[in-house]
Amino acid sequence: MSESIDRINRKTMTTASVVTHYARPWDLSKAEQATFERVAAQAKDQPILDIGVGGGRTVAALRRISHDYLGIDYSQGMVDACRQRFPDARFELADARALSDVADASIFLAVFSCNGIGMVSHADRLLILREVQRVLRPGGFFVFSTHNRNSPECRRGFLFPPFDWSFNPLRLAVRSLRFTGETVLRMRNRRRHHPHEVHADDYSVINDVCHHYSTLLYYLTLAKQRQQLVDAGFEADAEAYDLSGRRIVDDTSDDSIALIARKPSVPLPQGRP
């Protein structure tokens, strides 16, 4: 199952049309703005690792915090797009599950935005958390977002693509053709990928509507995510933010949650959070 999830998602994220989509000049979300602002002062001029950098949406904001910056992605197309957009920044092809070229305790701020950590299997997700914890300096931060298992999105069935009505006959014809094509694409992808879903006690991996049902994405609750972080060696009670950028204590019904996890300044006693 792990190989199926990776194969499906990697194929989607290396497709030229998807690379082009992420290389557009997208703005930060309100949750990202809130989390970046929260750590900016402490991360000023410190080493930053931008994991799953995609087409470069977070690059400018993070480089305003520090020019000691490295962006990585497992899609060569994404890396190439970033190098073209930001020729004076560093980007490398790398996988978050095996950060072999990043030394222990060499990064102060690691970022994995846009729910990127949710594009792998359960075992690989836990591996990423351990790898990020390894490369962070004591007291360093991990800022990331994750899909929320308590959101309606996790339980929603098949969705047809949106359709924009027009009284102009030519526009209506073009939009109807697009709607038909996208509907067929969604139905085909759903038929192929839905059997690979995973529904465990602690998490789900679902065939999400993202990119017309061409992905399998990991969902879990805030409480379970905090426990995963503790198990990986981070401090307890990671800060959490909803989509509006408001800090939350308990869970929310939002589709995704942004978190700020911190590596302890001193090693934790063995077997204790």
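What counts and what doesn't
Residues numbered from 1 in each chain as written. Predicted model: local features only at pLDDT ≥ 70, side-chain atom pairs only at ≥ 80, totals over all residues. Heavy atoms only, no water. Helix = DSSP H or I, 4+ residues; strand = E, 2+ residues; numbered from the N terminus. Expected span 1.5 Å × (residues − 1). Buried < 20%, exposed > 50% of the residue type's maximum accessible area, 1.4 Å probe, protein only. Patch = residues over 30% accessible without salt bridge, like charges linked within 9 Å, V, L, I, M, F, W, Y side chains within 5 Å. Areas by Shrake-Rupley, 256 points an atom, 1.4 Å probe, with all protein chains shown as cover. Salt bridge = Lys/Arg side-chain N within 4 Å of Asp/Glu carboxyl O. Lys, Arg positive; Asp, Glu negative; His and termini not counted. Charge placed at Lys NZ, Arg CZ, Asp CG, Glu CD. Pairing = 2+ DSSP bridges. Right-handed = clockwise from strand over helix to strand, strands pointing away. Polar contact = N/O pair within 3.5 Å; in protein donor to acceptor, adjacent residues only side chain to side chain. Contact = heavy atoms within 4.5 Å. Disulfide = S-S within 2.5 Å. Phe/Tyr/Trp six-rings, centres within 6.5 Å; stacked < 30°, edge-to-face > 60°. Core = buried A, V, L, I, M, F, W, Y, C linked by side-chain atoms within 4.5 Å.

Visitor: Which residues make up helix H6 (residues 122-135), and what are the values?
Guide: Over its 14 residues, H6 runs 21 Å from end to end, which matches the ideal 20 Å to within 8%, given 1.5 Å per residue. For H6, every residue scored as buried is listed here: Asp124, Arg125, Ile128, Leu129, Glu131, Val132, Gln133 and Val135.

Visitor: Outline a positive patch on the surface, supporting the account with residue identities and numerical values.
Guide: Positive charge collects at one region of the surface, where Arg7, Lys11, Arg188, Arg191 and Arg192 lie side by side. Secondary-structure elements contributing two or more residues to the positive patch are helix H1 (2-13) and helix H7 (169-193). Broken down by element, the residue count for the positive patch peaks at three residues, all from H7. In this fold, Arg7 is placed in helix H1.

Visitor: Give me the pairing of strand E1 (residues 48-51): which residues, what numbers.
Guide: Neither face of E1 is left uncovered, since the one carrying Ile48 and Asp50 and the one carrying Leu49 and Ile51 both have all their residues buried. Across four bridges, E1 lies against strand E2 (residues 69-73) in parallel orientation. Bridge assignment links Asp50 to a residue of E2, and that residue is Gly71. With helix H4 (residues 59-65) bridging E1 and the parallel E2, this β-α-β connection has right-handed handedness.

Visitor: Describe the pattern of salt bridges, naming the residues involved and giving the relevant values.
Guide: By the definition in use, this model includes 17 salt bridges. The residue Asp88 makes a salt bridge to Arg63 at a minimum N-O spacing of 3.4 Å. Residue Asp88 is located in the loop between helix H5 (76-85) and strand E3 (90-93), and its partner Arg63 is located in helix H4; the two are separated by 25 residues in the primary sequence. Notably, a salt bridge pairs Arg83 with Glu92, separated by 3.6 Å at the nearest N-O pair. Overall, Arg83 belongs to the partly exposed group, its relative accessible area being 36%.

Visitor: Tell me about the side chain of Ser145, and name the residues and values.
Guide: With respect to the element layout, Ser145 can be found in strand E5 (residues 136-148). Of the polar contacts made by the side chain of Ser145, one reaches the backbone nitrogen of Cys114; its length is 3.3 Å. Polar side-chain contacts of Ser145 include one of 2.8 Å to the backbone nitrogen of Asn115. Excluding residues that lie within four positions of it along the chain, Ser145 makes contacts with Phe112, Ser113, Cys114, Asn115, Ile117, Ile257 and Ala258.

Visitor: Describe in detail unusual backbone geometry, supporting the description with residues and values.
Guide: One non-glycine residue, Ala105, lies in the positive phi region at around 50°. The topology assignment puts Ala105 in the loop between E3 and strand E4 (107-112). The class for Ala105 is partly exposed, based on a relative accessible area of 35%. For Cys114, which is not glycine, the phi torsion reads 55° and is therefore positive. Inspection of the secondary structure puts Cys114 in the loop between E4 and H6. We classify Cys114 as partly exposed; its relative accessible area is 44%.

Visitor: Which residues make up the state of the cysteines, and what values do they have?
Guide: Enumeration according to the criterion identifies zero disulfides in this entry. Looking at Cys114, it has no disulfide partner, and the nearest cysteine sulfur is the one in Cys210, 7.5 Å off.

Visitor: Tell me about the packing of aromatic side chains, and name the residues and values.
Guide: Per the counting criterion, the structure on display carries 11 aromatic pairs. A ring pair is formed by Phe108 and Phe141, whose centres lie 5.8 Å apart and whose planes are at 80°; its orientation type is edge-to-face. Of the two residues, Phe108 is situated in strand E4 and Phe141 in strand E5; the sequence distance between them amounts to 33 residues. With respect to class, Phe108 is no different from Phe141; both count as buried.

Visitor: Account for the pairing of E3, naming residues and giving values.
Guide: Relative to E3, E2 runs parallel, the two being bridged by four bridges. Paired with Gly71 across the bridge in E3 is Phe91. Read as a crossover between parallel neighbours, the route from E2 over H5 to E3 is right-handed.

Visitor: Which residues make up the nonpolar core, and what are the values?
Guide: Soluble globular proteins tend to pack their nonpolar side chains together in the buried interior. Residues Leu49, Ile51, Phe112, Val132, Phe142, Leu229 and Phe234 are the most contacted members of the largest nonpolar core, which totals 29 residues. With residues near it in sequence (within four places) discarded, Val132 still touches Ile51, Ala110, Phe142 and Phe234. Formed by 26 residues, the second largest nonpolar core is a distinct cluster that contains Ala31, Ala43, Val53 and Val59.

None of the figures reported here should be taken as evidence of function without further support.
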